Amino acid sequence: QVQLVESGGGLVQAGGSLRLSCAASGRTFSSYFMGWFRQAPGKERAFVARISSSGLSTDYADSVKGRFTISRDNAKNMVYLQMNSLRPEDTAIYYCAGRVGPAAEVGYWGQGTQVTVSS
């Protein structure tokens, strides 16, 4: 069982940066594949980025490639999303997600953190 708590959201101007954090509970965190999703107003939840259990493999949505970086610290049970060059279209609620394997469905979700990018 893993519980996820996001933090770090807020209001930022276009071109600015934010770093989201996700604190995970549970002794098996280092075995989980982790990721970030987002849901903009009136839209479905969408994939943003994911990272393997070891942290050696990452993947990104095309819309954030080159601007966002996902990372993790297994010693601290933390996952991060560094967001640079933010755009108004990045405005959304960002969710941390965990799954037990690369092909598994997401089994754990955080409560979300709001990111608002003003133009």
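Residues numbered from 1 in each chain as written. Predicted model: local features only at pLDDT ≥ 70, side-chain atom pairs only at ≥ 80, totals over all residues. Heavy atoms only, no water.

**Observations regarding the layout of surface pockets**
Taken as a whole, the largest pocket holds about 170 Å³ of empty space. Around the largest pocket, the lining is made up of 13 residues, and of these Arg38, Ala40, Lys43, Ala46 and Glu89 lie nearest the centre. When contributions to the lining of the largest pocket are tallied by element, the ones reaching two or more residues are β4 (33-39) and β5 (46-51). Of the residues assigned to the lining of the largest pocket, the class counts are 6 nonpolar, 3 polar and 4 charged. (1 Å grid on protein atoms, 1.4 Å probe; cavity = no way out; pocket = protein on both sides within 12 Å on 5 of 7 lines; lining within 4 Å. Points joined across faces, edges and corners; volume = space filled by probe spheres on them. Helix = DSSP H or I, 4+ residues; strand = E, 2+ residues; numbered from the N terminus. Nonpolar A, V, L, I, M, F, W, Y, C, P; charged D, E, K, R; others polar.)

**Describing unusual backbone geometry**
It is generally the case that most residues other than glycine have a negative phi and that most peptide bonds are trans. Phi angles above zero are rare outside glycine, and Asn77 is one such case at about 55 degrees. With respect to the element layout, Asn77 can be found in the loop between β7 (68-73) and β8 (78-83). For Ser85, which is not a glycine, the phi torsion comes out positive at approximately 50 degrees. On the basis of relative accessibility, which here comes to 41%, the residue Ser85 falls in the partly exposed class. (Buried < 20%, exposed > 50% of the residue type's maximum accessible area, 1.4 Å probe, protein only.)

**So, the pattern of salt bridges**
In the structure shown here, the tally under the stated rule is 4 salt bridges. Among the ionic pairs, Arg38 bridges to Asp90, the shortest N-O distance being 2.9 Å. Here Arg38, found in strand β4, pairs with Asp90, found in the loop between β8 and β9 (92-99); they are 52 residues apart in sequence, far enough to count as distant. Assessed through its relative accessible area of 0%, Asp90 is described here as buried. Across the pair Lys65 and Asp62 runs a salt bridge whose closest N-O atoms are separated by 3.3 Å. With a relative accessible area of 66%, Asp62 lands in the exposed category. A network of salt bridges, in which partner residues are shared, links Arg38, Arg67 and Asp90. (Salt bridge = Lys/Arg side-chain N within 4 Å of Asp/Glu carboxyl O.)

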